[in-house]
Amino acid sequence: MNRNKFKTYMMAIGAIFKKDMKIFFSYRVNAILSILEPIIWVVPVYFLSKSFQIGGENIGFAQYTGTTDYMGFLVMGSIVASFVSAVLWSMGFSLKNEMDVGVIESNWLTPVPLWVQLVGRSIFSLVSTTVSTLIVAFLIWLLFGFSISGSILSSIATLIPLLIGLYGLGFGIAGLVLITNNANNIIDITNATLNMICGSEFPVTVLPKGILAVSLIIPLTYGFDSIRGILLGTQTLLPIHTEQLILILSMGISIFLGIFILNKIERYCKTIGNIGFH
């Protein structure tokens, strides 16, 4: 990639970022709800976990995870899950929005590849998700309490290859949206299934053996596991450095496959001319 092309791509990403930011702040109520909704979801889970406590501790939970701090376990999982949702929804659903407003054809005529446009659409989503999750985590800490004993910098270093790897999945999801013109069902099913199987809210070791085998194949499982191991000191499926290595290796493979699949689907859609039917 030469310097001029790189500069063009960065300008396009910057323009998309500004556009998404203007839209976001045009709907301030949605911004407020993005902070209130996660807290509302956590409240019943918090009181449910208290009903299983013995002497103020979740002893049974500690047998699986090595910690009695279920709220910390849940919050760390929810933070990672929010980034998973941000990537999938921003990349997949943005194409559906462009189809609905009738600008997808004109966008494809620009000298910017589709994958660059998708990356641009995800940047502001990741920024807003980072801000909202930090605020939500702080409010939950004030209301319910949880403790972090590990290195935040190490957890961020683990989160980065996880997020980059998710872009590969996002490219694949965007390709499915182009073919099916059905963003909601595809993203909902993928997002919910991944977060459930990979253990966003519970330790995967409680899963049936068949489902656990599937979970252990998915790199996202080791993302949840290693970040909790770093911040909360939980028992991990593998040594943390091994899980981090898995995330780094899967990052490169995921990005390559995601862009390859997206380019194939894009050429297919242009060849048969189905974009005009969206």
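Everything discussed here concerns the structure shown above.
Below, the structure is looked at part by part. Since we're looking at a predicted model, the values are computed, not measured.

Calculation rules
Residues numbered from 1 in each chain as written. Predicted model: local features only at pLDDT ≥ 70, side-chain atom pairs only at ≥ 80, totals over all residues. Heavy atoms only, no water. Phe/Tyr/Trp six-rings, centres within 6.5 Å; stacked < 30°, edge-to-face > 60°. Helix = DSSP H or I, 4+ residues; strand = E, 2+ residues; numbered from the N terminus. Buried < 20%, exposed > 50% of the residue type's maximum accessible area, 1.4 Å probe, protein only. Core = buried A, V, L, I, M, F, W, Y, C linked by side-chain atoms within 4.5 Å. Polar contact = N/O pair within 3.5 Å; in protein donor to acceptor, adjacent residues only side chain to side chain. Salt bridge = Lys/Arg side-chain N within 4 Å of Asp/Glu carboxyl O. Expected span 1.5 Å × (residues − 1). Contact = heavy atoms within 4.5 Å.

## What about the packing of aromatic side chains?
Applying the stated criterion to the full structure yields 10 aromatic pairs. Here the aromatic rings of Tyr-9 and Trp-115 are separated by 6.2 Å at their centres, their planes lie at 80 degrees, and the arrangement is edge-to-face. Here Trp-115 lies in helix H6 (residues 114-143) and Tyr-9 lies in helix H1 (residues 3-26), a separation of 106 residues in the sequence. Overall, the relative accessible area of 27% leaves Trp-115 in the partly exposed class. Taking the centre distance of 5.1 Å and the plane angle of 90 degrees together, the rings of Phe-61 and Tyr-70 count as edge-to-face. With relative accessibility at 14%, the residue Phe-61 sits in the buried group.

## A short note on the nonpolar core
Most often, soluble globular proteins have nonpolar side chains that are buried together. Ranked by internal contacts, the top residues of the largest apolar core, which has 61 residues, are Met-71, Leu-95, Leu-118, Ile-140, Leu-178 and Leu-220. Broken down by element, the residue count for this core peaks at 16 residues, all from helix H4 (residues 70-101).

## Let's talk about the environment of Lys-19
In this structure, Lys-19 sits in helix H1. Its relative accessible area of 38% is what places Lys-19 among the partly exposed residues. Spatially, the C-alpha atom of Lys-19 lies 9.3 Å from that of Phe-124, the residues being 105 residues apart in sequence. Within the structure, the side chain of Lys-19 is placed 3.0 Å from the side chain of Asp-20, a separation counted as a polar contact.

## Quick word on the pattern of salt bridges
Across all of its chains, the model carries 1 salt bridge by this definition. A salt bridge links Asp-20 to Lys-19; the nearest nitrogen and oxygen atoms lie 3.0 Å apart.

## Details of helix H11 (residues 240-272)
Taking 1.5 Å as the rise per residue, H11 with 33 residues should run 48 Å; its terminal C-alpha atoms sit 47 Å apart, in good agreement. Regarding H11, the residues found buried are Glu-243, Gln-244, Leu-247, Ser-250, Gly-258, Leu-262, Ile-265, Glu-266 and Cys-269. Considering only its buried residues, H11 is in contact with helix H5 (104-108), H6, helix H7 (152-180) and helix H10 (219-232).

## Topic: the side chain of Arg-228
With respect to the helices and strands, Arg-228 occurs in helix H10. Ignoring sequence-local partners within four residues, the contact set of Arg-228 consists of Phe-73, Met-76, Gly-77, Gly-199, Ser-200, Glu-201, Phe-202, Gly-233 and Thr-234.

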